[in-house]
Amino acid sequence: MADNNSSSIERSSKYGYISSTRLAYLDAMGIQVWVQRSCQPQARKISSSATGPEIDPQKLSEQRIEAKVRLSPIGEEHAVSVASMEWESLRRRVTNCTLCELHKTRTQTVFGVGDREADWLFIGEAPGADEDRQGEPFVGRAGQLLNNMIRALGLRREKVYIANILKCRPPKNRDPQSGESLACRPYLRRQIELLNPKIIIALGRIAAQNLLQTDTPIGKMRGRKYMYDNSGIPVIVTYHPAYLLRSPREKRKAWQDLQLALKLIT
Ligand code: SF4
(Lines give C-alpha, C1' and ligand atoms only; values in the text may rest on other atoms or scores of the structure.)
Protein backbone atom coordinates (compact mmCIF):
# COMPACT_ATOMS: atom_id res chain seq x y z
CA MET A 1 0.00 0.00 0.00
CA ALA A 2 1.36 3.41 -0.88
CA ASP A 3 1.60 5.19 2.45
CA ASN A 4 3.06 8.31 0.97
CA ASN A 5 -0.13 9.71 -0.42
CA SER A 6 -1.95 12.53 1.31
CA SER A 7 -4.77 10.33 2.55
CA SER A 8 -2.35 8.16 4.43
CA ILE A 9 -2.31 10.18 7.65
CA GLU A 10 -1.64 7.96 10.63
CA ARG A 11 -4.01 8.14 13.54
CA SER A 12 -3.98 6.89 17.05
CA SER A 13 -6.56 4.29 17.87
CA LYS A 14 -7.01 2.26 21.00
CA TYR A 15 -5.14 -0.38 19.07
CA GLY A 16 -2.05 1.63 18.12
CA TYR A 17 -1.19 3.84 15.15
CA ILE A 18 -2.96 2.93 11.96
CA SER A 19 -2.78 4.81 8.66
CA SER A 20 -6.06 6.23 7.42
CA THR A 21 -5.57 4.28 4.19
CA ARG A 22 -5.38 1.02 6.11
CA LEU A 23 -8.35 2.10 8.21
CA ALA A 24 -10.32 2.51 5.01
CA TYR A 25 -9.47 -1.04 3.95
CA LEU A 26 -10.30 -2.41 7.38
CA ASP A 27 -13.59 -0.55 7.11
CA ALA A 28 -14.15 -2.15 3.71
CA MET A 29 -13.54 -5.53 5.35
CA GLY A 30 -16.26 -4.61 7.82
CA ILE A 31 -13.89 -4.13 10.76
CA GLN A 32 -14.64 -0.94 12.68
CA VAL A 33 -11.67 0.59 14.50
CA TRP A 34 -12.23 3.40 17.00
CA VAL A 35 -9.94 6.34 16.11
CA GLN A 36 -8.73 9.17 18.36
CA ARG A 37 -8.95 11.97 15.79
CA SER A 38 -7.18 14.67 17.82
CA CYS A 39 -3.93 12.79 18.09
CA GLN A 40 -0.84 13.89 16.14
CA PRO A 41 0.55 11.60 13.43
CA GLN A 42 3.18 9.25 14.78
CA ALA A 43 5.25 6.34 13.59
CA ARG A 44 3.18 3.55 12.07
CA LYS A 45 2.51 0.73 14.42
CA ILE A 46 -0.24 -1.81 14.37
CA SER A 47 -0.61 -3.92 17.42
CA SER A 48 -1.90 -7.43 17.09
CA SER A 49 -4.06 -6.60 20.07
CA ALA A 50 -6.28 -4.78 17.58
CA THR A 51 -8.26 -7.92 17.12
CA GLY A 52 -7.55 -9.96 20.18
CA PRO A 53 -4.80 -11.14 22.46
CA GLU A 54 -1.16 -10.79 21.46
CA ILE A 55 0.07 -13.82 19.58
CA ASP A 56 3.76 -14.65 19.75
CA PRO A 57 4.78 -16.42 16.53
CA GLN A 58 7.75 -17.96 18.34
CA LYS A 59 5.34 -19.80 20.60
CA LEU A 60 3.07 -21.03 17.87
CA SER A 61 2.96 -24.72 17.33
CA GLU A 62 4.17 -26.03 14.00
CA GLN A 63 2.46 -29.05 12.63
CA ARG A 64 3.60 -31.36 9.93
CA ILE A 65 0.83 -33.60 8.73
CA GLU A 66 1.68 -36.61 6.64
CA ALA A 67 -0.11 -37.14 3.33
CA LYS A 68 -2.90 -39.70 3.61
CA VAL A 69 -3.45 -40.32 -0.07
CA ARG A 70 -1.17 -41.53 -2.83
CA LEU A 71 -1.07 -41.01 -6.59
CA SER A 72 -1.71 -43.80 -9.07
CA PRO A 73 1.20 -44.79 -11.37
CA ILE A 74 -0.26 -42.54 -14.11
CA GLY A 75 -0.62 -39.74 -11.60
CA GLU A 76 2.97 -40.30 -10.46
CA GLU A 77 4.19 -39.97 -14.05
CA HIS A 78 2.16 -36.80 -14.46
CA ALA A 79 3.52 -35.40 -11.19
CA VAL A 80 7.11 -36.16 -12.18
CA SER A 81 6.78 -34.37 -15.53
CA VAL A 82 5.05 -31.37 -13.96
CA ALA A 83 7.71 -31.13 -11.25
CA SER A 84 10.34 -29.84 -13.66
CA MET A 85 8.18 -27.44 -15.69
CA GLU A 86 8.74 -23.71 -15.94
CA TRP A 87 5.89 -21.22 -15.78
CA GLU A 88 4.79 -21.20 -19.41
CA SER A 89 4.92 -24.94 -19.96
CA LEU A 90 3.08 -25.39 -16.67
CA ARG A 91 0.39 -22.94 -17.77
CA ARG A 92 0.01 -24.74 -21.11
CA ARG A 93 -0.26 -28.11 -19.37
CA VAL A 94 -3.01 -26.79 -17.11
CA THR A 95 -4.87 -25.15 -20.01
CA ASN A 96 -5.01 -28.48 -21.84
CA CYS A 97 -5.48 -30.69 -18.81
CA THR A 98 -8.10 -33.44 -18.98
CA LEU A 99 -6.88 -35.46 -16.00
CA CYS A 100 -10.14 -35.29 -14.11
CA GLU A 101 -13.81 -35.04 -15.02
CA LEU A 102 -13.93 -31.31 -14.32
CA HIS A 103 -12.46 -30.57 -17.74
CA LYS A 104 -15.82 -31.57 -19.25
CA THR A 105 -17.80 -28.85 -17.52
CA ARG A 106 -15.31 -25.97 -17.26
CA THR A 107 -15.46 -22.90 -19.49
CA GLN A 108 -11.73 -22.49 -19.07
CA THR A 109 -8.99 -23.33 -16.58
CA VAL A 110 -8.04 -20.84 -13.90
CA PHE A 111 -4.27 -21.06 -13.52
CA GLY A 112 -3.53 -18.31 -11.01
CA VAL A 113 -2.66 -14.66 -11.15
CA GLY A 114 -0.16 -12.20 -9.75
CA ASP A 115 3.51 -11.47 -9.31
CA ARG A 116 5.72 -14.49 -9.89
CA GLU A 117 8.25 -12.94 -7.49
CA ALA A 118 5.61 -12.47 -4.78
CA ASP A 119 6.37 -13.00 -1.10
CA TRP A 120 2.71 -13.72 -0.36
CA LEU A 121 0.74 -16.59 -1.87
CA PHE A 122 -3.01 -16.78 -1.26
CA ILE A 123 -4.61 -20.14 -1.98
CA GLY A 124 -8.33 -20.70 -2.28
CA GLU A 125 -10.48 -23.69 -3.05
CA ALA A 126 -11.56 -23.72 -6.69
CA PRO A 127 -12.96 -21.39 -9.34
CA GLY A 128 -16.57 -20.33 -8.99
CA ALA A 129 -18.89 -19.20 -11.77
CA ASP A 130 -17.29 -15.75 -12.19
CA GLU A 131 -13.77 -17.20 -12.13
CA ASP A 132 -14.72 -19.89 -14.64
CA ARG A 133 -16.03 -17.16 -16.98
CA GLN A 134 -13.09 -14.78 -16.56
CA GLY A 135 -10.24 -17.26 -16.14
CA GLU A 136 -8.95 -15.50 -13.02
CA PRO A 137 -9.18 -16.54 -9.36
CA PHE A 138 -11.07 -14.46 -6.81
CA VAL A 139 -13.12 -12.11 -8.92
CA GLY A 140 -16.64 -11.02 -7.96
CA ARG A 141 -17.66 -10.06 -4.42
CA ALA A 142 -15.38 -12.55 -2.67
CA GLY A 143 -12.53 -11.29 -4.82
CA GLN A 144 -13.26 -7.71 -3.84
CA LEU A 145 -13.14 -8.67 -0.19
CA LEU A 146 -9.86 -10.53 -0.72
CA ASN A 147 -8.49 -7.41 -2.41
CA ASN A 148 -9.43 -5.39 0.68
CA MET A 149 -7.80 -7.97 2.94
CA ILE A 150 -4.64 -7.74 0.82
CA ARG A 151 -4.72 -3.93 0.96
CA ALA A 152 -5.22 -4.04 4.72
CA LEU A 153 -1.89 -5.87 4.85
CA GLY A 154 -0.27 -2.96 3.03
CA LEU A 155 -0.03 -4.93 -0.22
CA ARG A 156 -1.64 -4.79 -3.65
CA ARG A 157 -3.29 -7.63 -5.55
CA GLU A 158 -0.76 -7.27 -8.37
CA LYS A 159 2.10 -7.79 -5.89
CA VAL A 160 0.89 -11.09 -4.43
CA TYR A 161 0.09 -14.39 -6.12
CA ILE A 162 -3.37 -15.95 -5.97
CA ALA A 163 -4.16 -19.54 -6.90
CA ASN A 164 -6.59 -22.33 -6.08
CA ILE A 165 -6.34 -25.97 -5.09
CA LEU A 166 -8.31 -26.86 -8.25
CA LYS A 167 -7.81 -25.18 -11.62
CA CYS A 168 -11.29 -26.05 -12.91
CA ARG A 169 -14.72 -25.22 -11.51
CA PRO A 170 -16.60 -28.05 -9.80
CA PRO A 171 -20.23 -28.07 -11.05
CA LYS A 172 -22.62 -26.08 -8.88
CA ASN A 173 -19.65 -25.05 -6.74
CA ARG A 174 -19.65 -28.36 -4.90
CA ASP A 175 -16.63 -29.29 -2.78
CA PRO A 176 -13.69 -30.75 -4.70
CA GLN A 177 -13.56 -34.54 -4.64
CA SER A 178 -10.40 -36.19 -3.36
CA GLY A 179 -9.50 -37.63 -6.80
CA GLU A 180 -9.80 -34.17 -8.37
CA SER A 181 -7.63 -32.56 -5.70
CA LEU A 182 -5.07 -35.32 -6.03
CA ALA A 183 -4.92 -35.05 -9.83
CA CYS A 184 -4.56 -31.27 -9.66
CA ARG A 185 -2.08 -31.19 -6.78
CA PRO A 186 1.14 -31.36 -8.84
CA TYR A 187 0.22 -28.07 -10.56
CA LEU A 188 -0.12 -26.13 -7.33
CA ARG A 189 2.94 -27.83 -5.88
CA ARG A 190 5.00 -26.71 -8.87
CA GLN A 191 3.57 -23.18 -8.64
CA ILE A 192 4.66 -23.04 -5.01
CA GLU A 193 8.14 -24.32 -5.90
CA LEU A 194 8.52 -21.74 -8.68
CA LEU A 195 7.20 -18.91 -6.53
CA ASN A 196 9.03 -19.90 -3.35
CA PRO A 197 6.90 -17.42 -1.37
CA LYS A 198 7.74 -16.22 2.12
CA ILE A 199 4.30 -17.15 3.35
CA ILE A 200 1.17 -18.97 2.23
CA ILE A 201 -2.31 -17.95 3.32
CA ALA A 202 -4.81 -20.80 3.05
CA LEU A 203 -8.24 -19.31 2.45
CA GLY A 204 -10.93 -21.54 3.86
CA ARG A 205 -11.36 -25.12 5.00
CA ILE A 206 -10.89 -26.83 1.65
CA ALA A 207 -7.66 -24.99 0.86
CA ALA A 208 -6.25 -25.56 4.35
CA GLN A 209 -7.19 -29.22 4.53
CA ASN A 210 -5.83 -29.98 1.06
CA LEU A 211 -2.67 -28.01 1.50
CA LEU A 212 -1.87 -29.51 4.89
CA GLN A 213 -3.40 -32.94 4.27
CA THR A 214 -5.65 -32.98 7.30
CA ASP A 215 -9.34 -33.11 8.12
CA THR A 216 -9.04 -30.83 11.13
CA PRO A 217 -11.89 -28.25 11.23
CA ILE A 218 -10.82 -24.77 10.21
CA GLY A 219 -11.72 -23.29 13.58
CA LYS A 220 -9.04 -25.47 15.16
CA MET A 221 -6.46 -24.70 12.49
CA ARG A 222 -6.51 -20.93 12.87
CA GLY A 223 -3.99 -19.18 15.11
CA ARG A 224 -1.08 -21.50 14.38
CA LYS A 225 1.82 -21.57 12.03
CA TYR A 226 2.04 -24.63 9.83
CA MET A 227 4.80 -25.63 7.44
CA TYR A 228 4.13 -26.45 3.81
CA ASP A 229 5.42 -29.89 2.93
CA ASN A 230 8.71 -29.60 4.82
CA SER A 231 9.65 -26.60 2.67
CA GLY A 232 10.18 -24.11 5.45
CA ILE A 233 7.39 -21.96 3.98
CA PRO A 234 4.95 -21.02 6.76
CA VAL A 235 1.24 -21.48 6.20
CA ILE A 236 -1.44 -19.49 8.00
CA VAL A 237 -5.05 -20.59 7.82
CA THR A 238 -7.93 -18.16 7.68
CA TYR A 239 -11.52 -18.01 6.51
CA HIS A 240 -12.51 -17.90 2.85
CA PRO A 241 -13.72 -14.44 1.75
CA ALA A 242 -17.00 -15.96 0.50
CA TYR A 243 -17.62 -17.30 4.02
CA LEU A 244 -16.76 -13.89 5.48
CA LEU A 245 -19.38 -12.31 3.23
CA ARG A 246 -21.95 -14.69 4.72
CA SER A 247 -20.59 -14.35 8.27
CA PRO A 248 -19.29 -10.78 8.61
CA ARG A 249 -18.77 -11.18 12.35
CA GLU A 250 -15.86 -13.50 11.57
CA LYS A 251 -13.98 -10.76 9.71
CA ARG A 252 -12.31 -9.73 12.93
CA LYS A 253 -10.84 -13.22 13.28
CA ALA A 254 -9.64 -13.10 9.69
CA TRP A 255 -7.87 -9.83 10.44
CA GLN A 256 -6.21 -11.52 13.45
CA ASP A 257 -4.98 -14.26 11.13
CA LEU A 258 -3.54 -11.74 8.68
CA GLN A 259 -1.78 -9.89 11.49
CA LEU A 260 -0.26 -13.18 12.61
CA ALA A 261 1.01 -13.70 9.06
CA LEU A 262 2.48 -10.18 9.03
CA LYS A 263 4.34 -10.91 12.25
CA LEU A 264 5.85 -14.03 10.79
CA ILE A 265 7.48 -12.36 7.81
CA THR A 266 8.34 -8.90 9.14
FE1 SF4 B 1 -6.82 -31.00 -14.75
FE2 SF4 B 1 -6.97 -29.86 -12.34
FE3 SF4 B 1 -8.75 -29.24 -14.23
FE4 SF4 B 1 -8.84 -31.64 -13.12
S5 SF4 B 1 -9.18 -29.67 -12.07
S6 SF4 B 1 -8.99 -31.20 -15.34
S7 SF4 B 1 -6.65 -32.05 -12.77
S8 SF4 B 1 -6.54 -28.83 -14.27
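For the structure itself, consult the block above.
All of these numbers come straight from a predicted model, not from anything done at the bench.

**Q** Could you clarify how one ought to interpret the site of the ligand in this entry?
**A** For the ligand, the full set of nearby residues is Cys97, Leu99, Cys100, Leu102, His103, Arg106, Lys167, Cys168, Ala183, Cys184 and Tyr187. Put simply, the ligand lies in the largest cavity.

**Q** How do you make sense of the packing of aromatic side chains when you look at a structure like this?
**A** Here the distance between the centres and the angle between the planes together describe a pair of aromatic rings. Here the structure, examined in full by the defined rule, presents four aromatic pairs. An angle of 40° between the planes, with centres 5.5 Å apart, marks the rings of Trp87 and Tyr161 as tilted. Here Trp87, found in helix H3 (residues 87-95), pairs with Tyr161, found in strand S7 (residues 161-164); they are 74 residues apart in sequence, far enough to count as distant. With a relative accessible area of 1%, Tyr161 lands in the buried category. The structure contains a cluster of three or more aromatic residues connected by ring pairs, namely Trp87, Phe111 and Tyr161.

**Q** Can you walk me through the nonpolar core in this structure?
**A** Across soluble globular proteins, you tend to see nonpolar side chains buried next to one another. If you look at the biggest cluster of nonpolar residues, it comprises 62 residues, and the most contacted ones within it are Trp120, Phe122, Ile123, Ile192, Ile200, Ile201 and Leu211. For this core, the element with the most residues is helix H6 (residues 178-195), which contributes seven residues. In contact with Phe122, not counting residues within four places along its chain, are Leu146, Ile150, Leu153, Val160, Tyr161, Ile162, Ala163, Ile201 and Leu203.

**Q** Sorry, what's going on with the side chain of Glu180 here?
**A** By secondary structure assignment, the location of Glu180 is in helix H6. A relative accessible area of 5% places Glu180 in the buried class. A distance of 2.9 Å separates a polar side-chain atom of Glu180 from the backbone nitrogen of Gln177. Sequence-distant contacts of Glu180, that is, excluding residues within four places in its chain, are made with Cys100, Leu102, Leu166 and Arg174.

Calculation criteria
- Residues numbered from 1 in each chain as written.
- Predicted model: local features only at pLDDT ≥ 70, side-chain atom pairs only at ≥ 80, totals over all residues.
- Heavy atoms only, no water.
- Near = heavy atom within 4 Å.
- 1 Å grid on protein atoms, 1.4 Å probe; cavity = no way out; pocket = protein on both sides within 12 Å on 5 of 7 lines; lining within 4 Å.
- Sits in = over half its atoms within 2 Å of the grid points.
- Phe/Tyr/Trp six-rings, centres within 6.5 Å; stacked < 30°, edge-to-face > 60°.
- Helix = DSSP H or I, 4+ residues; strand = E, 2+ residues; numbered from the N terminus.
- Buried < 20%, exposed > 50% of the residue type's maximum accessible area, 1.4 Å probe, protein only.
- Core = buried A, V, L, I, M, F, W, Y, C linked by side-chain atoms within 4.5 Å.
- Contact = heavy atoms within 4.5 Å.
- Polar contact = N/O pair within 3.5 Å; in protein donor to acceptor, adjacent residues only side chain to side chain.

Interpretation in functional terms is not warranted from these geometric data alone.
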